[in-house]
Structures are given as structure tokens and as C-alpha cells.
Amino acid sequence: MSTNVKSPIICLVGPPGVGKTTLAKSIADSLNRCFSKISVAGMNDEAEIRGHRRTYIGAYPGRIINSLKNAKSSNPVILIDEVDKMQQGVHGDPTSALLEVLDKSQNKYFRDNYLDIDYDISDVMFILTANDLDSIPNALIDRLEIIKLSEYTEYEKVDIARNYIIPKLSLEHNLEQIIIDKETLTNIIGNYTKEAGVRELERSLTTIVRKIITEMVLKKRCLNKIRIKTKELDKYLGRSKFKNMVNKYNQIGVVSALSYTPYGGEVMPIEVNYYTGKGNLILTGSLGKIMQESAFIALSYIKSTAEYFNINYNSLIDNDIHIHIPSGAISKDGPSAGVTLATSIISAFKNINFPNDIAMTGEITLRGKVLPVGGIKEKCLGAIKNNITKIFIPMANKDELEDVPKEIKKQLEFIYVDDYKEI
């Protein structure tokens with residue numbers, strides 16, 4: 001077996017709290033290599049990577065050489081954390097400096113400005129982490145082996161809590177046992193922790209345990225076991241922090257869209273209203289440029305097919321149409337709400353209630369073609385969290401459902417569409 005095989009440059013991409021850093025540390029442990037971490041979030045000086053020239057006062061080597069020094073090894077596993085949050089500043093672009101570091105054909109001759117000699121870092125195993133792949137330059141992505149880590153399902157969070165978090169809390173607080181049933185864990189996950197990972201879940205459980213221990217100490221009771229019940233959650237964690245954004249009732253002109261964020265899948269209600277005007281389209285809710293274009297495309301498509309949908313064309317041009325997406329403080333962008341925008345406009349003008357347990361995703365063209373979108377797995381998880389039972393998805397995304405856990409697919413009815421008229 002050849003000993004010259006070089007490890008790929010791995011980039012772990014996923015929402016916060018899903019275990020990217022822990023996985024990188026586990027890889028180092030399994031390979032019996034030293035481990036070092038470099039956090040590059042907010043870095044805007046390429047000298048942090050390449051080092052400072054010794055002619056400058058306070059010069060020091062770059063992060064790469066320092067990591068080798070700290071690890072006391074020439075072939076450690078180096079984790080470059082939050083690579084998508086690097087910034088270009090007046091002192092150069094650190095992302096560009098990483099191109100040389102992460103290129104196996106070039107990093108044999110990596111030159112740190114402080115050392116001013118070539119240093120071979122080709123034996124180092126680099127692992128990168130990121131929340132959002134779109135924020136990484138294409139030239140850098142080309143050098144990476146992308147591994148996507150999706151958000152945990154509710155079932156996975158319950159298992160993680162039972163098998164890892166709760167035993168860890170028992171050990172930390174010197175308790176024999178912490179007893180929490182599945183119903184209580186599910187309640188904590190759904191009402192107090194709106195996240196893709198399990199960090200907030202661990203914080204919530206820790207808060208409960210601390211408060212119970214404090215109570216027991218004040219009452220001078222002997223404490224070996226703790227049992228946490230659902231009815232006590234309000235007492236220890238307060239009122240539920242999160243409520244489903246999905247409408248409780250069927251409404252005219254309100255349709256649920258499936259969205260994908262760096263923090264997991266969500267359901268986003270789109271509201272449409274109209275009133276006498278001059279045919280203007282008003283968009284509110286912190287919509288990005290791409291989403292604004294989707295709204296104009298959806299309206300143009302409906303105008304061109306008004307007769308097919310039995311909509312009075314004059315009502316489309318004699319009224320102002322207002323499209324709003326709640327949570328206006330949160331920026332929203334992307335083309336995947338196209339079919340939902342079209343449906344909400346049709347619902348408003350035809351005065352038809354739209355079912356509140358149905359959601360949809362897909363980009364729409366001027367001819368009504370439904371194009372594929374990203375984040376299908378995450379959107380399915382978001383649908384389940386918000387009590388959606390049926391979703392419309394592009395036919396081109398059908399194969400991606402293989403990545404969706406079976407227990408999630410059992411709870412959803414999927415309708416595949418290639419043309420908007422099928423909706």
C-alpha cells in the first residue's frame with residue numbers, strides 16, 4: 001500500500017450545533033494525530049495566514065505555522081473554523097491566502113513571511129467548517145471536498161439527549177440519575193429550542209437541573225435522582241419561547257412557503273392583499289432582490305394566464321397588490337418561493353381559502369415551469385416542526401427525497417409538479 005496518499009481537504013457544511021467541530025476532533029483522535037484549531041471568523045488580514053515580515057514591529061508567524069508549533073507535529077489535523085465568515089479588508093483577502101494553503105500541488109512550498117523559507121505542509125490534514133456554502137468563493141470551493149451535515153430530526157435530538165446530554169449532566173452535577181421521559185424532551189425541543197443542533201437543548205436541560213438542585217439544597221433534602229415532568233417546564237423554563245408560524249385557520253391569500261436558512265428549514269407564510277389602485281406591486285418583509293424578482297415573475301405569469309385561472313384581468317391592473325412576509329426584521333431571499341407567491345395571489349383574487357396544513361416550494365418561470373430548488377431535506381424537517389401534512393415540490397427534486405429520514409416521509413404527503421397548472 002502506498003504511503004504517499006494525501007488526505008482530501010474536507011469542508012463540513014451545516015447549521016450551528018450539529019457537531020462539525022466535534023466531528024473534526026473525532027477524526028483527529030481516530031487517526032491518532034495531534035489536533036489544532038484556527039478560528040477565522042471575522043478575519044480580514046491575510047498576514048494572519050501568511051505571517052508578518054520581520055521588518056515590522058511585533059511581527060509573528062501566521063496561524064498555520066503557529067498551529068504546527070502548538071501541535072508539536074508536522075502532520076496534525078488542523079481545523080479552520082467558520083471559513084464562510086472571513087472578510088476582505090484593507091490588509092488583503094485572507095480567503096485568497098488560503099488558496100495556497102489548501103492546494104496540495106502548491107502547499108509543499110508554502111512560504112510564511114515571518115520564516116521567509118519554504119515549508120512543506122502537504123502532510124497536514126486540513127478540515128474546514130462553514131454554515132453557508134454560498135459565502136465561500138468558488139475558487140476555494142474548488143479545492144474542497146464538501147460534506148453536508150443537515151439539522152437533526154426531533155427523534156435524533158431525543159436520542160442525543162438521552163444517550164449523551166443527560167448522562168453528561170448527571171456526571172457534572174454528581175447525580176446518580178436524571179429521569180426525563182420522551183414526552184417532556186419533545187416538549188422542550190418543540191417549545192423552547194428552535195435550532196438545528198442541540199446546544200440550546202443542552203442549555204435548557206442544564207437550567208432545569210440547576211434550578212431543581214437549588215430547590216433541594218434550600219429545602220435541605222437528600223438528592224440522588226432528579227425526575228423532570230412536562231407540567232413543571234413552565235416553572236423552570238418559563239413560558240414557551242416559540243410558536244408555530246403556520247396559520248391556525250385557513251385564510252384567503254395566505255399560503256405557507258418552505259424556506260431553507262443556515263439554521264435549518266422553516267415554514268414562511270406569505271400574505272397577499274389588494275385594493276383599488278393603479279396595478280402597482282408592493283413588497284414588504286425585508287425581501288432580497290431575487291425574491292422580489294420572483295414576485296414580479298409570479299404576477300406576470302398570472303396576468304398572462306388570467307383566463308385559465310378564471311381571474312378578471314381588469315382586477316389585476318386596476319388594483320394595487322401588496323405582498324407581505326411576516327418577521328420583517330429577518331432578511332429573506334431566494335427564488336424558491338415563486339410557486340407560493342403565485343398561489344397566494346390566485347387565492348386572494350379568487351377569494352378562496354387555502355388549507356393551512358399545506359406548504360410548497362419551487363421556482364416559477366414566466367411560462368409556469370416549476371424549477372428545482374435546494375434544501376429539500378431541511379424543508380421537510382421544517383414542515384414537520386410546523387404541523388404541515390402535505391407539500392408540493394418540483395418534480396426535479398424527487399430523487400433528493402432519498403436523503404429524508406423514513407419517519408419524516410411517513411408523516412408527509414408529497415405532490416410532485418413540473419408545471420404550475422398542476423398545482
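The structure contained in this document is the topic of the report that follows.

Moving on, we get to helix 7 (residues 182-192). For helix 7, the set of buried residues is Thr184, Leu185, Ile188, Ile189 and Tyr192. Here the buried residues of helix 7 occupy an arc of 135° about the axis, which is enough to place them on one side. Lining the buried residues of helix 7 we find helix 6 (154-172), strand 8 (177-180), helix 8 (199-218), strand 9 (225-228) and helix 9 (233-237).

Using the criterion set out here, one finds five aromatic pairs in the structure. Consider the rings of tyrosine 274 and phenylalanine 349, whose centres lie 4.2 Å apart with planes at 10°: the pair is stacked. Pair noted here: tyrosine 274 is in strand 12 (residues 264-276) and phenylalanine 349 is in helix 12 (residues 338-349), with a separation of 75 residues, a long-range link. Relative accessible area serves as the criterion here: at 13%, phenylalanine 349 is assigned to the buried category. Centre to centre, the rings of phenylalanine 309 and tyrosine 420 are 6.0 Å apart; their planes meet at 70°, and the pair counts as edge-to-face. Highlighted residues: phenylalanine 309 in the loop between helix 10 (289-304) and helix 11 (313-317) and tyrosine 420 in the segment after strand 20 (413-417), separated in sequence by 111 residues. Pair check on accessibility: phenylalanine 309 and tyrosine 420 agree, each one buried. Chaining the aromatic ring pairs together yields one cluster made of Tyr301, Tyr308, Phe309 and Tyr420. One cation-aromatic arrangement involves lysine 421 over tyrosine 308; the distance from NZ or CZ to the ring centre is 4.3 Å.

This part covers the packing of helix 6 against helix 7. A packed helix pair is summarised by two numbers, namely the angle formed by the two axes and the spacing between the axes. In contact at an axis separation of 10 Å, helix 6 and helix 7 are set at 115° when each is read in the N-to-C sense. Once helix 6 is placed against helix 7, the crossing between them reads as right-handed. In this structure, helix 6 uses Glu154, Lys157, Val158, Ala161 and Arg162 to contact helix 7, whose residues at the interface are Lys182, Leu185, Thr186 and Ile189. Tallied by class, the residues present in the contact of helix 6 with helix 7 amount to four nonpolar, one polar and four charged.

Criteria and thresholds
- Residues numbered from 1 in each chain as written.
- Predicted model: local features only at pLDDT ≥ 70, side-chain atom pairs only at ≥ 80, totals over all residues.
- Heavy atoms only, no water.
- Buried < 20%, exposed > 50% of the residue type's maximum accessible area, 1.4 Å probe, protein only.
- Helix = DSSP H or I, 4+ residues; strand = E, 2+ residues; numbered from the N terminus.
- Arc of directions from axis to C-beta.
- Contact = heavy atoms within 4.5 Å.
- Phe/Tyr/Trp six-rings, centres within 6.5 Å; stacked < 30°, edge-to-face > 60°.
- Lys NZ or Arg CZ within 6 Å of the ring centre and 35° of its normal.
- Axes fitted to C-alpha atoms, helices over the stretch in contact; angles between N-to-C directions.
- Left-handed = near helix turned anticlockwise from the far one by under 90°.
- Nonpolar A, V, L, I, M, F, W, Y, C, P; charged D, E, K, R; others polar.

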